Amino acid sequence: MSALRLFPIAAFFVLIAPVAAGLAGVFLPAFGYLPVLGRSALSLDAFADVMAMPGLSRSILLSLGSGLAATAISLLVVTLFVAGWRGTRVFAALERLVSPLLSVPHAAAAFGLAFLIAPSGFLFRLGAEATGLLERPPDLLIVNDRLGIAMTLGLIVKEIPFLLLMTLAALPQTRAGEMERMAASLGYGRIVGFVHTILPALYGQIRLAVLAVLVFSTSVVDVALILGPTTPAPLAVRILTWQQDADLAMHFTAAAGAVLQIGVTILALVIWLIGERLFGFVCRVMALSGWRARADMAMRQLAAFVMALSAAIVLAGLCLLALWSVAGPWRFPDPLPDSFSFSTWMRMPGSIAAAFGHSLMLAGASAILAVVLALGSLEFRARSGRPGPGRALGVLYVPLLVPQIAFLFGLQILFSYLGFDGAFLAVLLVHLVFVFPYVLLSLSDPWWAWDPRYGHAVRALGRSPNVVFWRVRLPMLARPVLTAAALGFAVSIALYLPTLVIGAGRWPTVTTEAVALASGGDPRLIGATALLQALLPFLGFAIAALVAAFLSRNRRLMRAGA
Amino acid sequence: MRALLALISVLLLGSLAQAGDERLDPRNWDAVLAEAKGEKVFFHAWGGEPRINDYIAWAAETVKERYGVRVVHVKVSDTAQVISRVLTEKAAGRHEGGTVDLVWINGENFAAMKHQGLLRAAPWSTELPNYRFIDVENKPSVALDFTVPVDGLEAPWGMAKLVFFYDTERLSEPPASASQLATWIADNPGRFTYPQPPHFIGTTFLKQLLVELVADSDVLMEPATDESFAAAAAPLFDWLDAAHPKLWRKGRAFPRDYGGMRRLLADGEIDIAFAFNPADASSAIASGELPDSVRSFVFEDGTLGNTHFVAIPFNANAAAGAMVFADFLMSPEAQAKKQDPHVWGDPTVLAVERLSAEDRARFDALVLGIATLAPDELGPILPEPHPSWVSRIEHEWARRYGVVQ
């Protein structure tokens, strides 16, 4: 027990201390305190500067609107799809796509989407080929549109697989099968029956994941840079621009902007929580009305269509990335390249091999450490007097709820002071900050869904709690543990700003190389590097699935689980 | 939490300790070489162009063989990130053992670093052995970086000149001045754009217009004031006001960077693009990024030109190794290879006529690329305005065009 206590404590310090220090390093300059730049008097000037930035209110609205829309739409699609298709073959087919879709980094998916829908992209080439009307790309504002629709779409297609994964993990705890039969026997259609009986419990389980999606979407940088509007850009992108301005006084503006970003994210959370209440109210009214909604086939089909479409968009984008990476000359409106060549791959710098190594080390180490810390913390909680997913571990999710752009640069100051930036351990630590909450999030549901009576049986046979953990609980939870590790691995691979800022560029990863090369704008290089970026997480998920299959090769119930 | 805040405020105060290793004297070159041996130099440089990355890798390999200096190219997507990093280190009181040993830099970024004392304080570049070949007489920008005196704080690496290019299959007669360009844009709506300021290539285009349209360009050599800016920049913003509704996407979106603009030319979305390297179009044709029907042109009255440099931050950990690498980058051997359009195509900072016959032959052997203008076709070089104009232009641009209704 006493040794186990160390796990949640270690997790607390590994996660909360960097975030707190980072926030302090942003709040002080935001209020005018950064003596090396000659300011040490507290003031609100920096906030006045931010407020005076042209188009600021529009930037804020963009962040709020696209974040809320992306979260609401992806949740809606996932809910309707799960409600309408759980337990069917359609469901099983799309379920299998979750891991491959999750392994595509946001930036790679965004580039793929741009190659698909831009006026010079694949769809317009097909249209031009079919109609013969277009000789040149039409002058249409599709990507970087001013309402952020392309950016929101890019977020939706990536958040759907994440929310679906979380939902799949949470479903076993909701007694979904029984509930469904009961609702059906009372004459309810699948969707409304699901909303009344399963959704309340399910939403409670995935709520944190949903809020994490909301925080991420309101402060996203990479997707916004690729697909988002530029006149003006969403708030997080503008903060990054101020942060990187050669005029060093802009650092105060950037710090104040980061504080403002926290405010915007909190506002989005508040709006969301109000939305939850409203939705609950609507559900109660609907339940009282007794509306059975039996003829919901059209709605079910729409849900399956949108779900399949979102998967198709990501996969088509991946195919286009692959095609560009081997394309010779490929002018508009040709739907396919004139010729193919591997020169882009051959010209890949030797440094990419080192980057692969760094990615593997960072992602492997942070995923393993995160799984160990998460299992230790959960086991501590399980053996404490009050087992269950209580509030005590809740604080460990804090990094999910703080926009990364808000604390990263403050953290850089602290690490720099300690002479710690550029060290492998520093990069690993900051990766852990981002990886751990996702690992805990995905591990938590299956952990608590495990039937404690197995443990009671073992204890009744006179064996210790350690035996329960090592010989029974861990083997039975092998699949979710491996999935959580693969998710953590994927999160680590995709980290750009934390790797660059804290690593001082000394630990180039596949992702930092990809972003540096993408700044040259060559679609062949973008295609090749984005594929490389997706490769490692994909292998991670594949290995997790294979190992899980191997471990459960003669255990039928475990195969059905999770 | 209170303890943490105390810690942060202590570290933000910074220490008053003086910047590191000033005793290193490039005039005693043997001592520098001796100290450099075995050092690891972190060279922070834009990494968006595989050709340039390959060239840096070659130079790094060479200094490793000859001088035992290991150079690591830290690929950045924006040089301002590096300045932000050095500033943070200064803020955190890290006066030695910094993470940046050498940075690829010029203009506004140099001015900011020099002004904030983020550069190695003692002049060093002018004392490097290969500096004697630098063409100070005919290339004034090697000593005046955007009008700011270099003062030996950065070593010249290459020359840049604004060159436009166009697809001959889609455009027969390219415009030859800013006003002709305005007419052309009006006649061909949706076919021109530029990277969104403050991206430097977009800002460079605005400066080109400013220099060309201003009544008396002498005022641009002085720091901008409210009055001088209002008067001198008025023609620029008149030009932009007229052009923007006829730009690509009606000026409601802009390519994010130079690569984005070149991509639009390759896709046939626009007809004219521009680069800060005369050989860029040829190199892009060679790698298949642009069709081979693309050719270069310049404005009749000249285009902006400047020099790009490498600089050592105040707290560099491997200053000796950085000097050795900077000196090698200035050597006739490295400069000739850099100018080869098959390698990079970046013009030299050296006075080629002053080199030995052997070294001159390296330059004479270079063949221009298919879309590269010969040196005598490149037209006059217009000097860069004082850096203070840049932030004012960018600010005014953002105010007028950064928010489209």
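Residues numbered from 1 in each chain as written. Chains lettered and ligands numbered in written order. Predicted model: local features only at pLDDT ≥ 70, side-chain atom pairs only at ≥ 80, totals over all residues.

(A) Just the overall build of chain A, in detail. For chain A, the helix and strand inventory stands at 27 helices and zero strands. Taking 562 residues into account, the globule formula puts the C-alpha radius of gyration at 24 Å, and chain A, at 24 Å, falls close to it. Along the first, second and third principal axes, the C-alpha set of chain A runs to 70 × 65 × 50 Å. Residues classed as buried in chain A amount to 56% of the 562 residues present. Sequence-distant contacts in chain A: of pairs separated by 6 or more residues, those separated by 24 or more amount to 81%. (Helix = DSSP H or I, 4+ residues; strand = E, 2+ residues; numbered from the N terminus. Rg over C-alpha atoms; globule rule 2.2 N^0.38 Å. Buried ≥ 20, exposed ≤ 12 C-beta atoms within 10 Å, placed from the backbone. Contact = placed C-beta atoms within 7 Å.)

(B) Geometry of the overall build of chain B. Secondary structure summary: chain B contains 14 helices and eleven strands in total. Against the globule reference of 22 Å for 405 residues, chain B gives a C-alpha radius of gyration of 22 Å, in line with a compact fold. Its C-alpha atoms give chain B principal-axis dimensions of about 65 × 60 × 40 Å. Within chain B, the fraction of its 405 residues that count as buried is 57%. Of the contacts made within chain B by residues no fewer than 6 positions apart, 83% connect residues no fewer than 24 positions apart.

(C) Seen up close, helix 14 (residues 387-401) of chain B. Look at helix 14 of chain B: 21 Å from first C-alpha to last across 15 residues, which is about the 21 Å you get at 1.5 Å a residue. Turning to helix 14 of chain B, its buried residues are B:P387, B:S388, B:W389, B:V390, B:S391, B:I393, B:E394, B:W397, B:A398 and B:Y401. (Expected span 1.5 Å × (residues − 1).)

(D) Broad picture of the packing of helix 23 (residues 478-494) of chain A against helix 26 (residues 523-551) of chain A. Residues and elements named next belong to chain A. Here helix 23 crosses helix 26 at 170°, and the two axes come no closer than 9 Å. When the interaxial angle is binned, helix 23 and helix 26 end up roughly antiparallel. Contacts between helix 23 and helix 26 involve A478, R479, L482, T483, A485, A486, F489, A490 and I493 on the former and, on the latter, Q533, L536, P537, G540, F541, A544, V547, A548 and L551. Residue composition of the contact of helix 23 with helix 26, grouped by class: 14 nonpolar, three polar and one charged. (Axes fitted to C-alpha atoms, helices over the stretch in contact; angles between N-to-C directions. Parallel < 35°, antiparallel > 145°, perpendicular 65-115°, else oblique. Nonpolar A, V, L, I, M, F, W, Y, C, P; charged D, E, K, R; others polar.)

(E) Geometry of the interface of chain B and chain A. Residue-level contacts link 68 residues of chain B with 59 residues of chain A. Looking at the side of chain B that touches chain A, the elements that each hand over two or more residues are helix 1 (2-13), strand 1 (40-46), helix 3 (50-67), strand 2 (70-76), helix 4 (79-91), helix 5 (107-115), helix 9 (258-266) and helix 14 of chain B. No other element matches helix 4 of chain B, which puts ten residues into the side of chain B that touches chain A. Of the residues assigned to the side of chain B that touches chain A, the class counts are 26 nonpolar, 23 polar and 19 charged.

(F) Up close: the environment of A:C283. Residue and element names in this part refer to chain A. Within the secondary structure layout, C283 lies in helix 14 (residues 250-289). When the 15 C-beta atoms within 10 Å are taken as the criterion, C283 is described as partly exposed. Sequence spacing of C283 and V98 is 185 residues, and the spatial spacing of their C-alpha atoms is 29 Å. Not counting residues within four places of it along the chain, the set of residues in contact with C283 comprises V195 and H196.

(G) Region of interest: the pairing of strand 10 (residues 303-311) of chain B. Residue and element names in this part refer to chain B. For strand 10, a buried count of nine out of nine residues is recorded, marking the element as mostly surrounded by other parts of the structure. Pairing between strand 3 (residues 102-105) and strand 10: three bridges, direction antiparallel. Counted as the bridge partner of V103 is A311 from strand 10. Pairing geometry for strand 10 and strand 11 (residues 381-382), over two bridges, is parallel. Of the residues in strand 11, the one forming a bridge with T303 is I381. (Pairing = 2+ DSSP bridges.)

(H) Fine view of the packing of helix 2 (residues 29-36) of chain B against helix 11 (residues 319-330) of chain B. Residues and elements named next belong to chain B. With their axes 8 Å apart at the nearest point, helix 2 and helix 11 run at an angle of 115° to one another. Between helix 2 and helix 11, the interaxial angle falls into the category roughly perpendicular. The two elements helix 2 and helix 11 cross, and the hand of that crossing is left-handed. Between helix 2, through V32, L33, E35 and A36, and helix 11, the contact on the second element is made entirely by A320, G321, M323 and V324. When the residues that make up the contact of helix 2 with helix 11 are grouped by side-chain class, the tally is six nonpolar, one polar and one charged. (Left-handed = near helix turned anticlockwise from the far one by under 90°.)

(I) Expanded view of the pairing of strand 1 of chain B. Residues and elements named next belong to chain B. Counted residue by residue, strand 1 has five buried out of seven residues, so it is predominantly covered. Of the pairings in the sheet, the one linking strand 1 to strand 2 comprises seven bridges and is parallel in character. For K40, the partnering residue across the bridge sits in strand 2 and is R70. For strand 1 and strand 3, the ladder comprises two bridges, and the chain directions are parallel. Looking across to strand 3, one finds that H44 is bridged to V103.

Any link to function would need more than the numbers given here.
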